Amino acid sequence: MPASHTPLRIVFAGTPEFARLALERLHAAGHTIALVLSQPDRPAGRGMKLQASAVKQFAVEHQIPVAQPRSLRLDGKFPEDAAQARKSLADANADVMVVAAYGLILPQWVLDDMSCQSPEGRARFGCLNIHGSLLPRWRGAAPIHRAIEAGDAETGVTIMQMDAGLDTGDMLLKEPVLITQEDSTATLHDKVAALGADLIVQALALAQAGTLVATAQPADGVTYAHKIEKDEAPIRWSDDGASIVRRIRAFNPFPGASTVLNGEVIKVWNARVLSNAPSAENGRIEAVSQEGIAVAAMNSVVLLTELQKPGGKRLAAADFLRGTPVESGQRFEGAGSPASST
């Protein structure tokens with residue numbers, strides 16, 4: 001950290017790996033992480049044992065205090081959790097709260113408490129959010145997934161001053177990331193997370209120097225990235241090939257695009273458009289080769305190149321076909337297919 005900048009006391013609110021990387025960078029930059037807020041431990045894995053979030057795991061490894069309220073609403077279902085969190089927040093006596101994929105909405109009392117002066121009279125910087133899109137595009141829960149699904153050429157990170165709205169606060173820093181034709185949500189997530197970690201360190205340095213400029217979000221161009229639901233997974237073979245491929249990339253790693261062959265659900269992890277010519281009935285398998293399984297879609301043919309059977313591993317098409325007989329003329333079922341039960 002530059003000599004002109006004293007370490008800040010930070011409350012960090014986040015849960016998944018996207019947030020852990022930012023926490024790690026803030027810690028490495030020399031700031032004091034006075035408190036971590038993270039979602040309660042959740043059952044995970046085959047044994048469904050309680051598992052701490054990626055952010056909590058980092059905090060525990062570095063002896064950082066952790067609070068895991070089920071809610072922050074003082075008038076909500078868990079008022080005792082919220083009251084204890086408020087006390088922990090006060091005890092932390094932080095200069096700023098950094099929020100990244102936390103998973104709980106911050107009520108007004110949090111925004112107010114982090115905006116007022118500290119007991120010693122220090123000005124606070126409020127609540128800063130690391131958001132994985134170029135606001136105002138893709139406000140909401142799943143900006144990385146929806147950017148890929150929509151065919152956006154780029155996404156990015158916006159460091160935002162939080163207010164009471166859903167991702168409506170003033171923009172502080174903003175930087176783009178190109179979306180390649182090979183990017184899935186998994187790969188793009190890592191790029192955006194790394195950029196977000198860098199930008200939040202920059203933003204805090206600029207805030208301390210008094211040179212961080214807030215810009216209101218424009219009213220035009222607002223879109224909402226609704227949460228990804230499992231029922232979106234079935235492939236609609238009645239869609240055009242480009243749309244199908246984008247959804248396959250967007251739903252990798254969750255929930256995983258799927259289709260049905262001979263009554264068995266098959267996950268599809270990678271694909272490309274083979275041609276954009278009128279084709280046979282939607283979902284019909286046109287050809288099978290070591291390269292992949294060519295499937296008819298609306299005015300196009302899609303080549304499936306990475307697949308997975310229930311209980312099996314993700315396999316390149318050539319390996320998948322060794323254990324699963326697939327022939328031309330068979331038909332994949334899915335959403336929008338007349339023979340489908342989905």
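Parameters at a glance
Residues numbered from 1 in each chain as written. Predicted model: local features only at pLDDT ≥ 70, side-chain atom pairs only at ≥ 80, totals over all residues. Heavy atoms only, no water. Phe/Tyr/Trp six-rings, centres within 6.5 Å; stacked < 30°, edge-to-face > 60°. Lys NZ or Arg CZ within 6 Å of the ring centre and 35° of its normal. Pairing = 2+ DSSP bridges. Helix = DSSP H or I, 4+ residues; strand = E, 2+ residues; numbered from the N terminus. Contact = heavy atoms within 4.5 Å. Axes fitted to C-alpha atoms, helices over the stretch in contact; angles between N-to-C directions. Buried < 20%, exposed > 50% of the residue type's maximum accessible area, 1.4 Å probe, protein only. Left-handed = near helix turned anticlockwise from the far one by under 90°. Nonpolar A, V, L, I, M, F, W, Y, C, P; charged D, E, K, R; others polar. Expected span 1.5 Å × (residues − 1).

1. A closer look at the packing of aromatic side chains
- In the structure shown here, the tally under the stated rule is one aromatic pair.
- Sitting over the face of the ring of W269, R314 holds its NZ or CZ atom 4.2 Å from the ring centroid.

2. What to know about the sheet that holds strand 1 (residues 9–14)
- What the seven strands build is an open sheet, ordered 5-2-1-6-7-9-10; its pairing is mixed. The sheet is open, and its two edges are formed by strand 5 (66–67) and strand 10 (171–178), each paired on a single side.
- Both strand 7 (residues 127–131) and strand 9 (residues 154–161) contribute to a ladder of four bridges, which runs antiparallel. In the sheet register, L128 faces strand 9, and the bridge partner there is Q161.
- Helix 1 (residues 17–28) contacts strand 1, strand 2 (32–37), strand 6 (96–100) and strand 7 of the sheet and is inclined by roughly 170 degrees relative to strand 1.
- Relative to strand 10, helix 6 (residues 185–209) is tilted by about 150 degrees, and along the sheet it contacts strand 1, strand 6, strand 7, strand 9 and strand 10.

3. Let's talk about the environment of L199
- Relative to the helices and strands, L199 resides in helix 6.
- On the accessibility criterion, L199 (2% relative accessible area) is buried.
- Taking the C-alpha atoms as reference, L199 lies 8.2 Å from K174; in sequence the two are 25 residues apart.
- Apart from the residues lying within four places of it in its own chain, the contact partners of L199 are V157, I159, L173 and E175.

4. Things to note about the packing of helix 1 against helix 6
- Two elements in contact, helix 1 and helix 6, have axes whose closest approach is 9 Å; the angle formed by their N-to-C orientations is 35 degrees. The interaxial crossing formed by helix 1 with helix 6 has right-handed handedness. Seen from helix 1, the contacting residues are E17, F18, L21, A22, R25 and L26; seen from helix 6, they are H189, V192, A193, A194, A197, D198, I200, V201 and L204.
- Taken together, the residues of the contact of helix 1 with helix 6 break down into 11 nonpolar, one polar and three charged.

5. Describing helix 1
- A rise of 1.5 Å per residue sets the reference length of helix 1, with its 12 residues, at 16 Å; its end C-alpha atoms lie 16 Å apart and thus fit the reference within 8%.
- Taken together, the buried positions of helix 1 are F18, A19, R20, A22, L23 and L26.
- Once helix 1 finishes, G30 follows within two positions and takes phi at roughly 100 degrees, a positive value.

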